[in-house]
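Residue-level listing of the chains:
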Amino acid sequence: RLNLINDLKDAIAKDQLELHYQPKINLRTGIITHVEALVRWRHPQIGMIPPDNFIHIAEQTGQINPLTRWVFITCLKQYLTWKSLGLDLNVAVNISAENLKDSDFYLFINQTMTNFEVPPDKVTLEVTESAVVDKEGAAMVLLQKFKADGLKISIDDYGTGYSSLAQLKQLPVHELKIDKSFVQRLCHDE
């Protein structure tokens, strides 16, 4: 763990991170309409490190903001590459509760999209349910600003936190992604 903490500081600068894109398919048309950017760390000695092993470390050590910024910029560059090839996709980026506490985060997102000329409706910000519940007031205000700007907002892992169904109408979101613990046995459990 201590080695990962120290090595994570250099991972971005030394180009050890990569993004994998999970497609979202419209089941009616069979067309891929969205992708979700998933960060992976290819450590030079250890090899591929799954996000479960380093995202929490990044949040605890204050490295989540540089990590999220790297992911966001890299994702927008990929969006532009796909667009130049005629692929019109919405890109989703996971953001942390810690990002929502960063006073410069809103400005960073808007300036980066402006610099890359990416329309807001082509970007989805995914945040976990617990991130909204933990810092409800400020997080909700910031998510509402993003939504008003035209970005899509998605709540990831819904159902694992402490929000109730009554809170749904207050969440400034376009999409709920139900936690896998509720759906992974759908094919086997009537």
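Anything mentioned here points back to the structure above.
Worth saying up front: this structure is predicted, and the values here are computed from it rather than measured.

Q: Teacher, can you tell me more about the overall build of the protein here?
A: Across its full length, the protein carries eight helices and seven strands. Contacts in the protein between residues at least 24 apart in sequence constitute 66% of all its contacts with a sequence separation of at least 6. Accessible area for the protein stands at about 11000 Å²; split by element, carbon and sulfur atoms hold 52% of it.

Q: Even after reading the chapter, I still don't get the packing of aromatic side chains, so can you show me in this structure?
A: In this description, an aromatic ring pair is defined by two values, namely the gap between the centres and the angle between the planes. Tallying each qualifying case throughout the model produces five aromatic pairs. Ring centres 4.8 Å apart and planes at 75° place the aromatic pair Tyr21 and Trp82 in the edge-to-face group. Taken together, the positions of Tyr21 in strand β1 (residues 17-26) and Trp82 in helix α3 (residues 64-84) put the pair 61 residues apart, joining distant regions of the chain. Residue classification places Tyr21 among the partly exposed positions, given a relative accessible area of 22%. Here the aromatic cluster, defined as three or more aromatic residues joined through ring pairs, consists of Phe105, Tyr106 and Phe146. The positively charged end of Arg69 is found above the aromatic ring belonging to Phe108, 4.5 Å away from the centroid. Note that Lys145 overlies the ring of Tyr106, its terminal NZ or CZ placed 4.1 Å from the centroid.

Q: Teacher, can you tell me more about unusual backbone geometry here?
A: Trans peptide bonds make up the majority, and among non-glycine residues the majority have a negative phi. Notably, Asp15 is not glycine yet its phi reads approximately 55°, a positive angle. With respect to the helices and strands, the residue Asp15 is situated in the loop between α1 (2-11) and β1. With a phi angle near 55°, Glu117 is a residue other than glycine that sits in the positive phi range. Structurally, Glu117 is set in the loop between α5 (105-116) and β5 (123-128).

Q: Hey, could you run me through the side chain of Gln63 in this one?
A: Among the structural elements, Gln63 can be located in the loop between α2 (55-60) and α3. One polar contact links Gln63 to Thr61, side chain to side chain, over a distance of 2.8 Å. For Gln63, the residues in contact, after removing those within four places along its chain, are Ile5, Leu8, Lys9 and Ala58.

So, how was this worked out
Residues numbered from 1 in each chain as written. Predicted model: local features only at pLDDT ≥ 70, side-chain atom pairs only at ≥ 80, totals over all residues. Heavy atoms only, no water. Helix = DSSP H or I, 4+ residues; strand = E, 2+ residues; numbered from the N terminus. Contact = heavy atoms within 4.5 Å. Areas by Shrake-Rupley, 256 points an atom, 1.4 Å probe, with all protein chains shown as cover. Phe/Tyr/Trp six-rings, centres within 6.5 Å; stacked < 30°, edge-to-face > 60°. Buried < 20%, exposed > 50% of the residue type's maximum accessible area, 1.4 Å probe, protein only. Lys NZ or Arg CZ within 6 Å of the ring centre and 35° of its normal. Polar contact = N/O pair within 3.5 Å; in protein donor to acceptor, adjacent residues only side chain to side chain.

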